[in-house]
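Structural description and commentary
Each chain, written out:
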Amino acid sequence: MTTVGYGDVAPRSPAGRLVAIAWMFVSLFLVSWFTASMASILTAERLDTGSGGFVVRGPDDLRRLHVAVIAGTSSEDYLKRRQIDYIRVPLKDLLKVLLAGRVQAVLADAPYLRYTARSEAYAGKITVLPQTFQTEPYGIALRDGSPWRKLVDRALLHRIAAPAWRDLIYRYLGSAD
């Protein structure tokens, strides 16, 4: 309908020109949409296979992988509740089975994994993903009426409010989040 060649066929009436302009914009949109869709599909495929053929974006992705957990932990409970297959290993062997290739992923507490990943033995050998599948608050238990309660509360609040707290978090866990 539009001319891209010699210009020998072109609409002459105002209505024809209006239709031609509309057709040009619709064509431009369709070609752009097709090109963007193909680029997106090809990029997504490359990302999916870019790390050894498996990517973990969420808990459901664990179903496709061989996963290891520390026996008797909340990570094991998490996988049981979601009916995801896993193997149980002792803490000392958790990352060894990952490096040996017996499993493709391990599930454990994020602070432990971040700290261990930064250690000399594992630096550059493992990657801790930024996702957290389940948040677990930790606490300190004291007897009712314990004289330690206020002291512990104040000490914790004082420590967390200090500027050095973020430095410690970054030093041992690599992130202040």
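In this report, the structure presented in the accompanying data block is examined. From a predicted model like this one, the values you see are computed outputs, not experimental measurements.

1. Observations concerning the overall build of the protein
Counting its regular elements, the protein contains six helices and three strands. When the helices and strands of the protein are read in sequence order from the N terminus, they spell out α-β-α-β-α-β-α-α-α. Looking at the protein as a whole, 19% of its 177 residues qualify as buried. Of the contacts made within the protein by residues no fewer than 6 positions apart, 43% connect residues no fewer than 24 positions apart. Carbon and sulfur atoms make up 60% of the accessible area of the protein, which amounts to about 13900 Å² in all.

2. Points about the sheet that holds strand 2 (residues 87-89)
What the three strands build is an open sheet, ordered 2-1-3; its pairing is parallel. Every interior strand has two partners, whereas the edge strands, strand 2 and strand 3 (105-107), have only one. Sheet twist, expressed as the average angle between the axes of neighbouring strands with direction ignored, equals 35°. Running at roughly 135° to strand 1 (residues 67-70), helix 2 (residues 74-81) makes contact with strand 1, strand 2 and strand 3 of the sheet.

3. With respect to unusual backbone geometry
The phi torsion at glutamine 83 lies on the positive side, around 55°, for a residue other than glycine. Within the element layout of this structure, glutamine 83 appears in the loop between helix 2 and strand 2.

Criteria and thresholds
Residues numbered from 1 in each chain as written. Predicted model: local features only at pLDDT ≥ 70, side-chain atom pairs only at ≥ 80, totals over all residues. Heavy atoms only, no water. Helix = DSSP H or I, 4+ residues; strand = E, 2+ residues; numbered from the N terminus. Buried < 20%, exposed > 50% of the residue type's maximum accessible area, 1.4 Å probe, protein only. Contact = heavy atoms within 4.5 Å. Areas by Shrake-Rupley, 256 points an atom, 1.4 Å probe, with all protein chains shown as cover. Pairing = 2+ DSSP bridges. Axes fitted to C-alpha atoms, helices over the stretch in contact; angles between N-to-C directions.

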